[in-house]
Every structure is written in C-alpha cells, then in structure tokens.
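A closer look at the structure
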Amino acid sequence: EPEVTQTPSHQVTQMGQEVILRCVPISNHLYFYWYRQILGQKVEFLVSFYNNEISEKSEIFDDQFSVERPDGSNFTLKIRSTKLEDSAMYFCASRGLAGGPEKETQYFGPGTRLLVL
Amino acid sequence: LAKTTQPISMDSYEGQEVNITCSHNNIATNDYITWYQQFPSQGPRFIIQGYKTKVTNEVASLFIPADRKSSTLSLPRVSLSDTAVYYCLVGPRNNAGNMLTFGGGTRLMVKP
C-alpha cells in the first residue's frame, strides 16, 4: 500500500535555528497538508497546498513558516527561526482526487518529532 | 465546522465489541462523518466515513441515526493492538483545501 514518508524522524535544534522538515506524499496525490501535535494535545492543522500554492492556513502558520514543493515528489515545511513552543510532532498528509471516501481522505505520514532547545 | 463531543476514554477487554459514540448536534446537510485512529507517535489513520444509516468495512462499522446528530463507531472483537485514540470528525467531503479539525478523541485501552 502506498504511504506518505517523512524525514527526519527526529530533529533536535537550537532556538533561533532554521529547520526544514521533508515529506514525500503518495505519488498520484495532488493535495498536501501539514499538521502538528504538541505532546499530549490535539492534532492541529497548519497549512494546505494545491497547485503550487497555499489553499488554506491556520493562525499558527505565521511568517516563520513556509512550505514548498521543490520538485515533483517532495513537500517541505520550513521554520525560519524556531521557538521553544515549536517543539511538537509534525505530520505531513496528502490526498487524492474525488472518487469516494478512501480516495478523498487524507493519508498521514509517520511524523517528525521536533525538539527545540 | 460542526463541534463534536466524544468520551475522553474507554476501557475494554480483548474479544469484546467496542462502541464509541460521537455527538454532533449542529451537523450541516453537506457534512460527512469520518473516524480516524491514532497510535502513539504515529499519524492519524482513516478508518471509516459515512453520511447516513450504516457503513461497514473490513475494520469497523459506522452507525448514523436518521437525524445524524450522533454517530457510533463499532469495533468488533477488539485486540490489544486496537489500543489507540479514536477521533470523530465532521465536515464536507469534497473540499479540496479542506483541513481536518481534530478534537480530543477517545482514548481506547484494550486490556488482556
């Protein structure tokens, strides 16, 4: 079964440093998402991306965050200057075209655990 | 988005059927009901989706009464590996940029 992959699985960084989290969505999917989950809290939406532009973003996704699809396979989330409160699990998700719940649902990757010190 | 309410936690034993009910009193006409499962340190995983009546797949069944103000996820004969958090989400299905809004979910603990 095709799956979303994410690298790295874990990242430790110093406050103020830039980090790039990488995702490889399912190959024929066209909609891409980033979510985060702070330890012990809810999964929170950050941003959705379609046709090389942001479709929707939450208030969490401020100017410190950016997303990019640099080639035909990768989808990245960049945090320019990390803060302590950015420590969380970051999940990438992708979705296919319409055609029933299994095709339209979002498939999540295993996540990247980011720790900001 | 329709607000959902579900129990914070549930305990069960291996081999039992587990029913998790979700309330969504202000569900809209074009909203679907979707359930996701999340294991510790993993991303959420789609389980099942429905609009009305009953939907069944190889993993679970979803029961939705006529007024659609609630839904029940039914897991037949649970095993230890079904220990996870289960989320009920309500929203339109075919919205391209549609974000998923997760609540607190129901933490299911299956005991031997």
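The structure we're discussing is the one just above.
Here's what I pulled together on the structure shown here. Bear in mind the structure is a predicted one, so any value in this text is a computation, not a measurement. Counting restarts for each chain: residues are numbered from 1 in the order of the written sequence. Lettering of chains starts at A and numbering of ligands starts at 1, both following the order in which they are written. With pLDDT at 70 or above as the cut-off, local features in this predicted model cover only qualifying residues; side-chain atom pairs require 80 or more to be listed or tallied, and sums for whole chains, interfaces and linings still use all residues. Note: side-chain values were computed over all heavy atoms of the structure, leaving out hydrogens and water.

**Notes on the state of the cysteines**
Whenever a pair of cysteine sulfur atoms sits within 2.5 Å, that pair is classed as a disulfide. For the structure on display, the rule yields two disulfides over all chains. Covalent S-S linkage joins Cys23 of chain A and Cys92 of chain A, the inter-sulfur distance amounting to 1.9 Å. Measuring the twist about the S-S bond at about -60 degrees, one finds the Cys23 of chain A-Cys92 of chain A disulfide to be left-handed. Of the two residues, Cys23 of chain A is situated in strand β3 (residues 19-24) and Cys92 of chain A in strand β9 (residues 88-95); the sequence distance between them amounts to 69 residues. Each member of the pair, Cys23 of chain A together with Cys92 of chain A, is buried. Note on cysteine connectivity: Cys22 of chain B is disulfide-linked to Cys88 of chain B, with sulfurs 2.2 Å apart. The disulfide joining Cys22 of chain B to Cys88 of chain B has a torsion of about -80 degrees about its S-S bond and is therefore left-handed. With Cys22 of chain B in strand β2 (residues 18-23) and Cys88 of chain B in strand β8 (residues 84-92), the pair connects residues that are 66 residues apart, well separated along the chain. With a 1.4 Å probe rolled over the protein chains alone, any residue whose accessible area is under 20% of its type maximum counts as buried; one over 50% counts as exposed, and the rest are partly exposed. By relative accessible area, Cys22 of chain B is classed as buried at 0%. Residue Cys88 of chain B is classed as buried on the basis of its relative accessible area, which comes to 1%. Think of it this way: any DSSP run of H or I at least four residues long counts as a helix, any run of E at least two long counts as a strand, and we number them from the N terminus.

**Quick notes on the sheet that holds strand β1 (residues 9-13) of chain B**
Residue and element names in this part refer to chain B. Taken in spatial order, the five strands line up as β1-β9-β8-β3-β4 in an open sheet, and their pairing is mixed. For this open sheet the edge positions go to β1 and β4 (45-50), each flanked by a neighbour on one side alone. Here the strands of the sheet are splayed against their neighbours by 25 degrees on average, with no regard to which way each runs. Should DSSP find at least two bridges between two strands, the strands are regarded as paired. In terms of strand pairing, strand β3 (residues 31-38) meets β8 through eight bridges, oriented antiparallel. Following the sheet pairing, Asp31 is matched in β8 by Pro92. Note on definitions: angles span 0 to 180 degrees between N-to-C directions of axes, and those axes are lines fitted to C-alpha atoms, for helices only across the stretch in contact.

**Details of unusual backbone geometry**
Residues Thr7 of chain A and Pro8 of chain A are joined by a peptide bond in cis, for which omega reads -10 degrees. As for its position among the elements, Pro8 of chain A is in the loop between β1 (5-7) and β2 (10-13). Unlike most non-glycine residues, Ser41 of chain B shows phi in positive territory, near 60 degrees. Tracing the backbone shows Ser41 of chain B in the loop between β3 and β4. A relative accessible area of 49% means that Ser41 of chain B is categorised as partly exposed.

**Overview of the pairing of β9 of chain A**
All names here are of chain A. Within β9, eight of the eight residues are buried, leaving the element largely enclosed by the surrounding structure. Two elements, strand β4 (residues 31-37) and β9, share seven bridges in a ladder whose sense is antiparallel. Within β9, the position partnered with Tyr35 by the bridge is Phe91. Bridge count between β9 and strand β11 (residues 112-116): three bridges; the pairing is antiparallel. Its bridge partner being in β11, Ala88 is matched across the sheet by Leu114. Sheet topology note: the β9/strand β10 (residues 107-108) ladder contains two bridges and is antiparallel. Within the sheet, the bridge partner assigned to Ser94 lies in β10 and is Tyr107.

**Quick notes on the packing of aromatic side chains**
Each Phe, Tyr or Trp ring, with Trp reduced to its six-membered ring, pairs with another whose centre is within 6.5 Å; inter-plane angles below 30 degrees give stacked pairs, above 60 give edge-to-face pairs, and intermediate values give tilted ones. Tallying each qualifying case throughout the model produces 16 aromatic pairs over all chains. Taken together, Tyr33, Tyr35, Phe45, Phe91 and Phe108 of chain A together with Tyr36, Phe46, Tyr87 and Phe102 of chain B form an aromatic cluster joined through their ring pairs. The criterion is that NZ of a Lys, or CZ of an Arg, lies within 6 Å of the ring centre and within 35 degrees of the ring normal, and then a charge sits over that ring. Across from the ring centre of Tyr31 of chain A, 4.5 Å away, lies the NZ or CZ of Arg95 of chain A, which sits over that ring.

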